[in-house]
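The primary structure of each chain is shown beneath.
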Amino acid sequence: MSQIKYYIFVVLACTCSFVFAQQAGMANEDMLPLWLNEHLTQAKLDSNRGKYYNALDNLDQALEIAIKIDDKTSQGKIHTKISKVQFLVGEEDKANISIGKAMQIQREINDYGNLAIAYNIKGVMHSSQKDYNDALKYFNSAKILFKQENLEQYTSDVLLNEAKVYIEQERYEEAKIDLENTIFLAKKYKQPRRLSSALIYSGKVYFALDNIKMALSQTENGLSIAQEYNILEDKNEAFLTLSNVHEKNRDYKSSLDYIKKHISLSDSILNVTRKNLAPGISGQTINNYKDAQNKQLKTQIEEVSAESAFIKITTILSIALITILSLLTLSLYKNNNIRLNSNTMLHKKNDELIIAKEKAELASKTKANFLSTVTHELRTPLYAVTGLTDMLLDEDPKPHQLPHLKSLKFSGDYLLTFINDILQINKIEANKVEIDPEHFNLKHKLENVISALNNSANDQDTKIHFEYENKLPETFIGDQLKISQILINLLGNAIKFTKDGDIWVRAYQIDKKDKIYNLRFEIEDNGIGITKEKQKYMFESFSQGSVQINRKYGGTGLGLSIVKGLIQILKGKIYLKSELGKGTTFIFEIPLEYDKSVDKPEVIDLKKTNKMESLDLNNVKILIVEDNKINQMITKKILNKMNLNCDVVDNGEDAVEIVKTTEYDIVLMDIHMPGISGLEATKIIRTFDKELTIFALTAVTLEDKMHEFGEAGFDDIISKPFKQEDFEDKLHAALSGEKIVSSFFS
């Protein structure tokens, strides 16, 4: 009996032990996230103190816990931190592997904020290897993702790293812009380390641009912050920069003092680094680096010291000369004093002008970026509105629906015109409109514009009369696109305000010098006319004479402002004559160069044909890369109506993968998408496929991004919302094997 009791006791004891062990295990699992944070905190402290291998140990332990609790977000972040520390201790191969793991995990779980941080670190790695082009690509990707995720505060670090690359490439103006933005963001988000570094590097840029006063000011401001927060690396960089600045100013004593401070601090930093690195790394490698640095700095000191000694000798000899010249100097003192005061005021004014100019440039850039963002946000839904409206109109709507659909189409077209006009005005004001001269037939150009607008005139029961001076040549060299835009605006304006009347379009010569003809164009109507009071405001933006006229006749009120801007760009002038109730005449004059080489006038076939019908489209495959579901549907339906087969993916990563395994004839690539952008996806595709035709199907503002699209490897750009005929022309050119001639990249 006692034996049975013994066995029962043993079983109970084992059961209790198991329960206690299970409870302890559960408690341990609950503690894992706390231990994870503890290891990460300790790793950060170790890294800040320069104890990099202790930091790596803590990060390894943190990674084990993150894997155990299946915390993918923490795994990606920890791999990024490990990579950063490995890079700091010189284990670059391991660092590349770690950052690769981080990016892979972050792409899988759509952790775009931390992916941007990883891109930034990857860019720094490429920069250290002097692989500057790849570095800039990663920095650009990081900026895009930070912007997408509304993480503006992290952009300052990327901009600072990008500026350092530009400095290495001697692209100082671009570096200056990045540093200005870094300084702004660092102040906004109270980031003293980045502010200190950005100011010091700004000093380096101004030094390179030979603006010594700004170089000294920026560097001293950066040094002040570095000293306040004891940022050793920034202090060291500031000492070296100030030494160079003072040497340039021929203040050799200050230059020598700062170079000595730089040497002393460099020794301290190297000693700390040697102490905290593993023996295998802290030995000969650090000593070699230190010896090389010391040798370089010793040479610099000798040069400065020698220069200083030379100055002493020169000073002694100069005393005698100064004594002899003192009487003459005294007699000229008053005059010189006045001149010095004038110069001081002039320098002050110059500095103020420089600062004002920089502020204006920053404001202009901010305005351009704002307009780019706003117009993109407007164009994307507008693509859906116009696309769906066109599809509904093509699907035999009921008679009572037709007026509503036509009104919707009119509203969409009006809004698109308004957006384009705002962009054109902004481009003119920013002086970003370039002249593109080419050979063209002026008479035929005028006839084509009249022909294009003749139906609108017929709707108004108005007749257009054309007069071209007999002795005036027909062929000229000029920017025919801008001339067409001017004529379309002015003639369209005349048609809008003339009902049951007449319009006269005239072209004739004013005078001629060598090959340059000064031409006058007149667009006269007998419409409603303009009052004297309103005439002086007609070329201002958003001006149409009156609110009542605006409501009755429509329009954006930007057309004449654009016309005036374009005529000024073409070195011409415009004015008007008008009388209320009797009509208006717009007169503009521009110089054009006579072109003798073109004997035959251009022949333009105005007959429209469906080019796509001539192609065999059975085996053609097109890939649509677009994250917006409505836009996916619209683009797919447009292609299906052309009897084209297409696949759809909604992000850049999937686009890259599917292109690797499937053969496509054309890729239509959106630009702004979650994850990697269309630009980055295209760059990746071009690493393994140079021949695939890739069109940027995008709503972004194009003017300032041409170089980006070209560098990424796009064949052409289709701007949303697009015209059906333009879309078909580009697809036909690509599928028929014609050479794609892009108007955007030319």
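Refer to the structure printed above.
The rules behind the values
- Residues numbered from 1 in each chain as written.
- Predicted model: local features only at pLDDT ≥ 70, side-chain atom pairs only at ≥ 80, totals over all residues.
- Heavy atoms only, no water.
- Buried < 20%, exposed > 50% of the residue type's maximum accessible area, 1.4 Å probe, protein only.
- Helix = DSSP H or I, 4+ residues; strand = E, 2+ residues; numbered from the N terminus.
- Pairing = 2+ DSSP bridges.
- Expected span 1.5 Å × (residues − 1).
- Polar contact = N/O pair within 3.5 Å; in protein donor to acceptor, adjacent residues only side chain to side chain.
- Contact = heavy atoms within 4.5 Å.
- Axes fitted to C-alpha atoms, helices over the stretch in contact; angles between N-to-C directions.
- Parallel < 35°, antiparallel > 145°, perpendicular 65-115°, else oblique.
- Left-handed = near helix turned anticlockwise from the far one by under 90°.
- Patch = residues over 30% accessible without salt bridge, like charges linked within 9 Å, V, L, I, M, F, W, Y side chains within 5 Å.
- Areas by Shrake-Rupley, 256 points an atom, 1.4 Å probe, with all protein chains shown as cover.
- Salt bridge = Lys/Arg side-chain N within 4 Å of Asp/Glu carboxyl O.
- Lys, Arg positive; Asp, Glu negative; His and termini not counted.
- Charge placed at Lys NZ, Arg CZ, Asp CG, Glu CD.

Some words on the pairing of strand β7 (residues 583–594)
- Burial within β7 is extensive, with 9 of its 12 residues counted as buried.
- Relative to β7, strand β6 (residues 573–579) runs antiparallel, the two sharing 7 bridges. Its bridge partner lying in β7, glutamate 579 is registered against glycine 583.
- The hairpin formed by β6 and β7 contains 3 residues between the paired strands, and glycine 581 there has a positive phi angle of roughly 85°.

Let's talk about helix α18 (residues 480–496)
- If you check α18, its first and last C-alpha atoms are 24 Å apart, about what 17 residues at 1.5 Å a residue would give, namely 24 Å.
- Listed in full, the buried residues belonging to α18 are Gln480, Lys482, Ile483, Ser484, Ile486, Leu487, Leu490, Leu491, Asn493, Ala494 and Ile495.

A few points about the side chain of serine 202
- Tracing the backbone through its elements, the reader meets serine 202 in helix α9 (residues 192–208).
- The exposure class of serine 202 is buried, given its relative accessible area of 5%.
- Here the side chain of serine 202 touches glutamine 218 through a polar contact of 3.0 Å, side chain to side chain.
- Not counting residues up to four positions away in its chain, the partners in contact with serine 202 are Leu179, Ile183 and Gln218.

Comments concerning the packing of helix α7 (residues 152–168) against helix α8 (residues 172–188)
- As a packed pair, α7 and α8 sit with axes 8 Å apart at the nearest point and diverge in direction by 155°. With respect to α8, the axis of α7 lies roughly antiparallel. Between α7 and α8 lies a crossing whose hand is left-handed. Residues Glu152, Thr155, Ser156, Leu159, Leu160, Glu162, Ala163, Tyr166 and Ile167 of α7 lie in contact with α8, whose contacting residues are Tyr172, Glu174, Ala175, Asp178, Leu179, Asn181, Thr182, Leu185 and Lys188.

Re the sheet that holds strand β8 (residues 621–625)
- An order of β9-β8-β10-β11-β12 is seen for the 5 strands of this open sheet, with the pairing classed as parallel. Two strands close off the open sheet at either side, each with one partner strand: β9 (645–649) and β12 (716–719). Neighbour to neighbour, the strand axes of the sheet diverge by 25° on average, direction disregarded.
- Relative to strand β10 (residues 666–669), β8 runs parallel, the two sharing 4 bridges. The residue bridging valine 625 from the neighbouring strand is methionine 669, located in β10.
- Where helix α22 (residues 629–641) meets the sheet, it contacts β8, β9, β10 and β11 (693–698), and its direction lies at approximately 170° from that of β9.

A word on the environment of aspartate 715
- Tracing the backbone shows aspartate 715 in the loop between α25 (706–712) and β12.
- The spatial distance from the C-alpha of aspartate 715 to the C-alpha of threonine 693 is 6.1 Å, given a sequence separation of 22 residues.
- Of the polar contacts made by the side chain of aspartate 715, one reaches the side chain of arginine 686; its length is 3.0 Å.

Re a positive patch on the surface
- Taken together, the side chains of Lys44, Lys77, Lys81 and Lys84 present a region of like positive charge at the surface.
- Sort the elements by how many residues they give to the positive patch and helix α3 (residues 72–88) lands first, with 3 residues.
- Its place among the elements puts lysine 81 in helix α3.
- Judged by relative accessible area, which is 41%, lysine 81 ranks as partly exposed.

Notes on the packing of helix α6 (residues 132–148) against α7
- Interhelical geometry of α6 versus α7 gives an angle of 160° and a closest axis separation of 9 Å. Regarding the angle of α6 to α7, the classification is roughly antiparallel. You can see that α6 and α7 cross each other, and the crossing is left-handed. Contact with α6, carried on its side by Tyr132, Ala135, Leu136, Phe139, Ala142, Lys143 and Phe146, involves Glu152, Tyr154, Thr155, Val158, Leu159, Asn161, Glu162, Val165, Tyr166 and Glu168 of α7 and no other residues of that element.

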